[in-house]
Amino acid sequence: MSLTYEKLIDKYEPVLGLEVHVELGTKSKMFCGCSTVFGAEPNTQTCPVCLGLPGALPVVNAKAIEYTIAIGLALNCSIAPFSRFARKNYFYPDMPKNFQTSQYDEPICFGGYLDVKVDTEEGVKEFRIEIERVHMEEDTGKSLHMGGATGRIHGADYSLLDYNRAGIPLVEIVTKPVTGTGKYAPEVARAYVSELRDILRSLGVSDVKMEQGSLRCDANVSLRLIGAAKLGTRSETKNVNSLRSVERAVRSEMLRHAALLEKGERVVQQTRHFHEDTGDTTPGRSKEQAEDYRYFPEPDLVPVAPAKDWIEEIRATLPEKPSARRARLQEQWQVPDKEMAAMINADVLDQVEATVKLGADPTRARSWWLGEIARIANEKELPAPSLPITAKDVAEIVALISKGELTDKLARQVVEGIINGEGRPVEIIEKRGIKVVSDDSALMVAIEKAIAAQPDVAEKVRGGHIPAAGALIGAVMKETKGQADAAKVRELLLRHLGQA
Amino acid sequence: MIEKSATEMAAALQSGELSSVDLTNAHLARIDEVDEKVKAFLHIDRDGALKQAEAVDARRKAGEKLSPLAGVPLALKDVMVQKGIPTTCGSKMLEGWRPPYDSTVVARLKAAGVIILGKTNMDEFAMGSSTENSAYFPTHNPWDLTRIPGGSGGGSSAALAAFEAPLAIGTDTGGSIRQPAAVTGTVGVKPTYGGVSRYGLVAFSSSLDQAGPCARTVLDAAYLHEVIGGYDPLDSTSINAPLPQLVTAAKNASVKGMKIGVIKELQGDGYQAGVLKLFNESLEELAKLGADIVEVSCPHFEYALAAYYLIAPSECSSNLARFDAMRYGIRTGEGSAEEVMNATRELGFGKEVKRRIILGTYALSSGYYDAYYGSAQKVRTLISRDFEQAFEKADVLVSPTAPTTAFKIGEKANDPIAMYLNDIATIPTNLAGVCGISIPSGLAQEDGLPAGFQIMAGAMKDDRLYQVGAALEAALLSKWGAPILSKAPKLGAK
């Protein structure tokens, strides 16, 4: 018997544990000079070190350490004066040395927190997520399983190995068990990953593209009876490739766990894979028998001992926190919470800010990015910031409208043209022959024509029935191909019919 | 000419009385003549060596200023990666592998114009003390072909003793340079850990491995050490400080007023009487030269062997994991990647390597880590402290290099513990990261075979090894009247 989500929440408390892997945006790999650019021909970005050739030795990338310290500081962590790398030993063909060089019991950053806001029934609520540790490690290569139906190793005829990714610096950010989120656990998980992503982006340490795997989230979920002290058995869901998936995966696992517990069955401690299409998870490998990774300190590397001055230097150059920046912008622009949330959701805050910086009125800038541009983005199923329209374009359009050289309606045509790649605003206005008809005499000709065509309507207006003017205005607009300013037409028409 | 020292050969090259091509050819001819008996080489790079020699001769002719050892041939232990040249580490696992890159040591040798004749035999992945663990064939001691040349670098030392090369590169994890030097009547130096780059040295035990020079004289070793030593940004554990003046120290062979500490724990039971007698005679020579001989105690050395046989196998179990048939080396077996890995590792690794991988895997396992690997690391700290305290009382420390002279091939092959005991006097330096040299102390009275005198100095005090070593070498040479190797059998007489 399975429970509804509401019933589940009455009986169980969800406990989350989030592990986020971030590929750092350093130019070279963690322990060698190879390039980290995504998408190169297989095995072209390799060398003796990242291929684990006999005799090759690692050297730590100082930039990766700097980035990791910046992440730790942004997450309110302490920075260890002395930390070490360890070897995590296990055999897998895409791991060149058959051990992963990773930090283990001595991470570089530890004991931080991140506050996230979630929209609840009682208004916006803040949750504090405690950070256990932030540590560095290297990525593995990639196995491509060929010949099978599923692309999985099971049933494949053979596998190909690509070591381009092997040795790319990864940072793992691990939370402490997150409790007290109750029914909002899925939203809190999403808000955490989202906030973390914004912080990482503001630091410029990663391109944080979940769909390309440069930011990956493993969501640990367990349930315990409300009031119980002991944590329930957890599952670890991988392959969660978008913010929406984080939320869905947590909810799906909560429901699955609850269904098992209600049936009197036990939750198996295992890795699970999330499926975007169904919103379900399926089992991966079981973790019941804990693997023994035989960790020991990496003898090929000396300990990481960042100088205090260096840490302070990094701290001093940290950018404004995304949450602080949002608060500042909201204050400056005088935007209600809901509108602010809409901009964040549509991921257009940067664009609006840039548009305002170029002189546009905040309200107008926002309404373009959240209105017409967001609409087209939705239609194309693309994020708004990825459309080929810039803050400069929008600022120009807003300026043209306030000068009376464009109407809102005409401006929408310009936006469409820009997104279609027809050029910049002025070019499109020229090419498409877009022009506001503001010449009174030209408008009067159209008005006379409209009155002549609909004398009965004109008579009604003359008789004081103002709403009837709509039909005449519409005819004028049609006649002028929308290039007239509707307010102007109305004013002239009413005056002409003796109603102004 | 081939029986001369590398320094003398270098002088003849510089004066123009000899070309590097002639010198290289002479050594290649000697290899042809004796190596079927000695079996020091796994691979001979005849063409490459001659090409290098021609290039050095041409540069000399053009008046270029060359490094002191330019044009002098050298034998390279097969654990050191050389671009395009087979590198097997004495293992079937790497049969046929030609590395795509040069180790830093090889790059520096090439830059100095040293001629690399070929790769020398060794115990598989440097695990052993007799070179019997080579997957290819054992190497024979030129002093007595029925005996072992020491190990793991038996090939390099045998090549020197058989006059197949005047210089060689070895690597020393627990004594693999010094013990072979002792039993072949040659000189071998384990530099300070971090003093010579490990980049391109196929790792056995990363925290203990150290490459170093092998030669027939202390001065030759100093010249070679200066070529290969010094900071390397490709090795994180490399020491970023200038190398001490080693050649100067070897030339300034004086021990007057120096304090020489005899380690109480490294003599007595288990040491061959003749080896101890030679050790004491050497001490007398040093005293005659004005050194102050004092006794020091290193109480934790007793645990060194046990700690070593936990740390080295632990690291090796991880270092050797990469040999999985996926990217290089041999491949056998069918089915899944795991089945291929298993079959390949079963076939490719020898008995001793497997023994140590299993030992190390066990020592690192959860539940055993603290008792084994953890305790061994603590012992390591205590041994370092013993050294520190001893170096407060003495400038250098001394002991016999190995407890016995060369034993018979096969004698200890089935008794690993007896084999491990060979390194009892050399292992502490590796655990503490300090430096040591072995120089010939004479021929033991029981068997007429060479024994070694070990000198140890603190980290980055390698110059003291050369200073004291050269002083003792000179004293013994004047006592003997001729170099020790002149008393070795003449292998060339067919």
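Residues numbered from 1 in each chain as written. Chains lettered and ligands numbered in written order. Predicted model: local features only at pLDDT ≥ 70, side-chain atom pairs only at ≥ 80, totals over all residues. Heavy atoms only, no water.

**Points about the overall build of chain B**
Applicable threshold: Each helix corresponds to a stretch of at least 4 residues labelled H or I by DSSP, and each strand to a stretch of at least 2 residues labelled E; elements are numbered beginning at the N terminus. To get the radius of gyration, use the C-alpha atoms; to get the globule rule, take the number of residues to the power 0.38 and multiply by 2.2 Å. Burial status follows relative accessibility: with a 1.4 Å probe on protein chains alone, a residue under 20% of its type maximum counts as buried, one over 50% as exposed, and anything between as partly exposed. Only heavy atoms matter for contacts: two residues are in contact if any of them lie within 4.5 Å across the pair.
Scanning chain B from terminus to terminus reveals 16 helices and 11 strands. Since a compact globule built from 494 residues should have a radius of gyration of about 23 Å, the 21 Å found for chain B is in line with a globular shape. Projected onto the principal axes, the alpha-carbon positions of chain B cover approximately 65 × 55 × 45 Å. A burial count over chain B gives 63% of its 494 residues as buried. Long-range pairs, those at least 24 residues apart, make up 76% of the contacts in chain B with a sequence separation of at least 6.

**Comments concerning helix H8 (residues 349–357) of chain A**
All names here are of chain A. Within H8, burial applies to Leu-349, Gln-351, Val-352, Glu-353, Thr-355 and Val-356. The inward-facing, buried residues of H8 abut helix H6 (322–333), helix H7 (337–345), helix H9 (362–380) and helix H10 (391–402). Taken from the residues just after H8, Gly-359 is the one with a positive phi, measuring 105 degrees.

**Some details on the packing of aromatic side chains**
Residue and element names in this part refer to chain B. The condition that has to hold: In this analysis, rings of Phe, Tyr and Trp, with Trp reduced to its six-membered ring, are considered paired at centre separations within 6.5 Å, and the interplanar angle assigns stacked below 30 degrees, edge-to-face beyond 60, and tilted for intermediate values.
Inspection of the entire model under this criterion finds 20 aromatic pairs over all chains. Consider the rings of Trp-97 and Tyr-328, whose centres lie 5.6 Å apart with planes at 40 degrees: the pair is tilted. Note that Trp-97 is positioned in the loop between strand E2 (73–77) and helix H4 (104–111) and Tyr-328 in the loop between helix H10 (304–319) and helix H11 (337–348), a separation of 231 residues in sequence. A residue is classified by how much of its surface remains accessible, and Trp-97, at 8% relative accessible area, is buried. With a centroid separation of 6.0 Å and an interplanar angle of 70 degrees, the aromatic rings of Phe-125 and Phe-349 are classed as edge-to-face. In this pair, Phe-125 is assigned in the loop between strand E3 (115–120) and helix H5 (154–161) and Phe-349 in the loop between H11 and helix H12 (351–364), connecting sequence segments 224 residues apart.

**As for the pattern of salt bridges**
Residue and element names in this part refer to chain A. Just so we agree on the cut-off: Any Lys or Arg side-chain nitrogen located within 4 Å of an Asp or Glu carboxyl oxygen qualifies as a salt bridge.
Taken as a whole and assessed by the stated rule, the structure comprises 53 salt bridges over all chains. The residue Glu-121 makes a salt bridge to Lys-183 at a minimum N-O spacing of 3.0 Å. You can see Glu-121 sitting in the loop between strand E5 (109–120) and strand E6 (123–138) and its partner Lys-183 sitting in the loop between strand E9 (169–175) and helix H3 (185–203), a full 62 residues away along the chain. Here Arg-190 and Glu-247 are joined by a salt bridge, their closest N and O atoms 3.4 Å apart. Here Glu-247 lies in helix H4 (residues 243–262) and Arg-190 lies in helix H3, a separation of 57 residues in the sequence. Classification of Arg-190 as partly exposed rests on a relative accessible area of 26%.

**As for the sheet that holds strand E4 (residues 167–171) of chain B**
All names here are of chain B. So the rule is basically this: Here the rule is simple: two strands pair whenever DSSP picks up at least two bridges between them. Axis angles are defined between N-to-C directions and span 0 to 180 degrees, where every axis is a line fitted to C-alpha atoms and, for a helix, only to the segment in contact.
One open sheet holds the 11 strands; their spatial order is E1-E3-E2-E4-E6-E5-E10-E11-E9-E7-E8, and the pairing between them is mixed. Looking at strand neighbours, the two that pair on one side only are strand E1 (41–44) and strand E8 (292–296), the edges of this open sheet. Strand after strand, the sheet turns through a mean of 30 degrees between neighbouring axes, direction not considered. Pairing of E2 with E4, which is carried by 2 bridges, proceeds in the parallel orientation.

**Structural notes on unusual backbone geometry**
Along the chain, Gly-151 of chain B connects to Ser-152 of chain B via a cis peptide bond; the corresponding omega equals 10 degrees. Looking at where Ser-152 of chain B falls in the secondary structure, it is placed in the loop between E3 and H5. A positive phi angle is found at Asn-98 of chain A, which is not glycine, with a value near 60 degrees. Within the secondary structure layout, Asn-98 of chain A lies in the loop between strand E3 (86–89) and strand E4 (99–102). If you check the backbone angles, Ala-325 of chain B has positive phi at about 70 degrees while not being a glycine. With respect to the element layout, Ala-325 of chain B can be found in the loop between H10 and H11. Accessibility expressed as a relative area gives 5% for Ala-325 of chain B, which makes it buried.

**Regarding the interface of chain B and chain A**
Applicable threshold: Simply put, the buried area is the total loss of 1.4 Å probe accessible area from both parts when two parts are fitted together. For the purposes of these results, a polar contact is taken to be a pair of N or O atoms within 3.5 Å, where, inside protein, one atom must be able to donate a hydrogen and its partner to accept one; residues adjacent in sequence count only when each atom of the pair is a side-chain atom. Three residue categories are used. Nonpolar comprises Ala, Val, Leu, Ile, Met, Phe, Trp, Tyr, Cys and Pro, charged comprises Asp, Glu, Lys and Arg, and polar comprises the others, including Gly.
Residue-level contacts link 39 residues of chain B with 32 residues of chain A. Roughly 2,600 Å² is buried in total at the junction of chain B and chain A, and carbon and sulfur atoms are behind 59% of that figure. If you sort the residues of chain B by the area they bury against chain A, Ser-236, Arg-322 and Arg-327 of chain B come out on top, with a joint share of 23%. Applying the counting rule to chain B against chain A returns 1 salt bridge. For Arg-198 of chain B, the salt bridge goes to Asp-300 of chain A, with nearest N and O atoms at 3.1 Å. Viewed at the interface, chain A and chain B are joined by 17 residue pairs in polar contact (both at pLDDT 80 or more). When residues of the side of chain B that touches chain A are traced back to their parent elements, those giving at least two are H10, H11 and H12 of chain B. The dominant element in the side of chain B that touches chain A, judged by the number of residues it contributes, is H10 of chain B, at 5 residues. In terms of residue class, the side of chain B that touches chain A is built from 20 nonpolar, 12 polar and 7 charged.

**Some thoughts on the confidence of the model for chain B**
Quick reminder of the rule: Looking at any residue, its pLDDT shows the predictor's confidence there, from 0 to 100.
With 100% of its residues at a pLDDT of 70 or more, chain B shows a mean pLDDT of 97. Confidence metrics for the complex model read pTM 0.88 and ipTM 0.95.

**Structural notes on the domain arrangement of chain A**
Selection criterion: Per the annotation, domain bounds derive from an automatic or database assignment of domains.
Taken domain by domain, chain A holds domain 1 (5–315), domain 2 (320–432) and domain 3 (440–496). Spacing between the C-alpha centres of domain 2 of chain A and domain 3 of chain A amounts to 33 Å.

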